[in-house]
Amino acid sequence: MMKILHTSDWHLGKRLENFSRLEEQQAVMQEICEIADREEADIVVVAGDLFDTFNPPTEAIDLLYKTLKRLTANGYRPVIAIAGNHDSPDRIEAPDPLARECGIIFAGYPNVQVSSFTLETGLKVLKTDEGFLEIALPGSNIPLRILITPYASEYRLRTFLGEENSEDELRALLGRRWQSLADRYCDKRGVNILLSHLFMIRKGDVPPEEPEEEKPILHVGGAQAIYTENIPSQIQYTALGHLHRMQRVDASFSPACYSGSPLSYSFAEANQQKYLLLVEVVPDQTASVREIPLACGKQLLRKKAQGMEDALEWLSKNQNALVELTLVTDTYLTAQERRKLQTAHDGIVAIIPELSRVENLFHPQQKQIDLNQNMEGLFRDYFKYTKGQEPNAEMIKLFQEILAEEEEEK
């Protein structure tokens, strides 16, 4: 039996507003390595979004390479990592010649053709083609075949497929490409999987809700949704990246799963349990998928508190979390109240005041405050409420200068 450990969406280097997540990322990378060893995984696949930006900080780059190197178990366990929509394909593929000597295979572009190599451990790339490779694992006589499709925009995918002027749906073009590779290389004597960073759903299903920063892949410049019915029948498991919540997209003929991110990266992921997926599979059989919960990383919690007393009590009980606090109050929060909250908890990412009594604030006709307006508008309203008059031009200019200084510091 072959054991495949599936993970994705590490987003190394990502911050949550002003909060660094580096220590959490270091801890969860350690946990992933320990799970790979404990479960005796034969191979690890990382389905994209290794970094959070095209130009990640140095510490994120160091953490990626050290983690992947450790996961290889000194060349006995291959690691295959592909680019996601947050990654620079060129940056992902740049260390490939050196990485191959460690048993790490990088793929940045959908038409990547991995160079053949052999390690002393017995790890060997047997066959390669654009978007495909076949691997011999140390101590195993079962070949592993992998169809590889890193993220690319719809235009780039069509160009790589040689169909940039075709009016056919991208999903049909991609499906035909996958099918051609599967027919050529994926027989019943080996294990056959698909590794991709694309948005995939079962035809007819409602697309799942995801954090705002993950949505552009579906819209302008991104690729249209791919259907699970486009997966070749020879494929026994599809390892997907992009969506941050672990989910099984389809299991009608072979499992297609998102492993999700190892940490919660936005408050849209508040209270989510994070997982690795361990896939156990033998040739010509349906793969079984086991969810392995991850324990590292701070919880992201949202709280709507009814006044300061309620807020302070709840904060004292949730000291180890990162918090988005909505505070229901009769008036604007004073600077003293904000300091009291920040002193009570050092993980408050945002404080959102929700005014419950606004009938006497500015105008008799005004029944609510528009909290969606810009900072200057909020300042004008606050000044008018506390001083009973509009701020003068000099006061507004001073406020604008403060805002500008804060933007420069960011």
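Throughout, residues of each chain are indexed from 1 in the direction in which the sequence is written. Only residues with pLDDT of at least 70 get local features here, since the model is predicted, and only at 80 or more are side-chain atom pairs given and counted; chain-wide, interface and lining totals rely on the full set of residues. The basis for the side-chain values is all heavy atoms of the structure; hydrogens and waters are excluded.

## Describing the overall build of the chain
Then, number 1: Numbering of helices and strands runs from the N terminus, with a helix taken as a DSSP run of H or I at least four residues long and a strand as a DSSP run of E at least two residues long. For the chain, the helix and strand inventory stands at ten helices and 20 strands.
Then, number 2: Under the scheme applied here, a residue whose accessible area is under 20% of the maximum for its type counts as buried, over 50% as exposed, and between as partly exposed, the area being computed with a 1.4 Å probe on protein chains only. In the chain, which comprises 410 residues, the share counted as buried stands at 53%.
Then, number 3: Of the accessible surface of the chain, which amounts to about 19800 Å², a share of 46% is contributed by carbon and sulfur atoms. Using a 1.4 Å probe, the Shrake-Rupley method yields the accessible areas, and only the shown protein chains count as cover for residues.

## Brief notes about the nonpolar core
Then, number 1: Side-chain atoms within 4.5 Å are what join buried Ala, Val, Leu, Ile, Met, Phe, Trp, Tyr and Cys residues into a set we call a nonpolar core. Ile4, Ile80, Ile135, Ile146 and Tyr237 are the most contacted members of the largest nonpolar core, which has 35 residues in total.
Then, number 2: If you tally residues by element for this core, the top one is strand S16 (residues 275–281), at four residues.
Then, number 3: Throughout, a contact is declared for two residues whenever any of their heavy atoms are within 4.5 Å. Beyond its immediate chain neighbours, meaning those up to four positions away, Tyr237 contacts His6, Asn192, Ile193, Leu194, Ser254, Pro255, Cys257, Leu277, Val279, Ala287 and Val289.
Then, number 4: Of all hydrophobic cores here, the second largest spans 33 residues; its members include Trp10, Val79, Ala81 and Leu278.

## Looking at the packing of helix H1 (residues 22–38) against helix H2 (residues 58–71)
Then, number 1: Note on method: axes are straight lines fitted to C-alpha atoms, helices fitted across the in-contact stretch only, with angles between N-to-C directions ranging 0 to 180 degrees. Taken N-terminus to C-terminus, the directions of H1 and H2 make an angle of 10 degrees; their axes are 10 Å apart at the nearest point. Overall, the two elements H1 and H2 adopt an arrangement that is roughly parallel. Each of Leu22, Gln25, Gln26, Met29, Gln30, Ile32, Cys33, Glu34, Ala36 and Asp37 in H1 lies in contact with H2, whose residues at this interface are Glu59, Leu63, Thr67, Arg70 and Leu71.
Then, number 2: In the scheme used here, Gly and all other residues not listed as nonpolar or charged are polar, with Ala, Val, Leu, Ile, Met, Phe, Trp, Tyr, Cys and Pro taken as nonpolar and Asp, Glu, Lys and Arg as charged. Here the residues of the contact of H1 with H2 are counted per class, giving seven nonpolar, four polar and four charged. In this scheme, roughly parallel covers angles under 35 degrees and roughly antiparallel covers those over 145, while 65 to 115 is roughly perpendicular and the rest are oblique.

## Details of the confidence of the model for the chain
Then, number 1: Mean pLDDT over the chain stands at 88; residues scoring 70 or higher make up 89%.
Then, number 2: For every residue, the predictor assigns a confidence score, pLDDT, that lies between 0 and 100. Considering only residues more than four positions removed or in separate chains, one finds that residues 218–223, a stretch of pLDDT under 50, has 15 contacts.
Then, number 3: Per-residue pLDDT stays below 50 along residues 360–367; that stretch engages in twelve contacts with residues further than four places along the chain or on separate chains.

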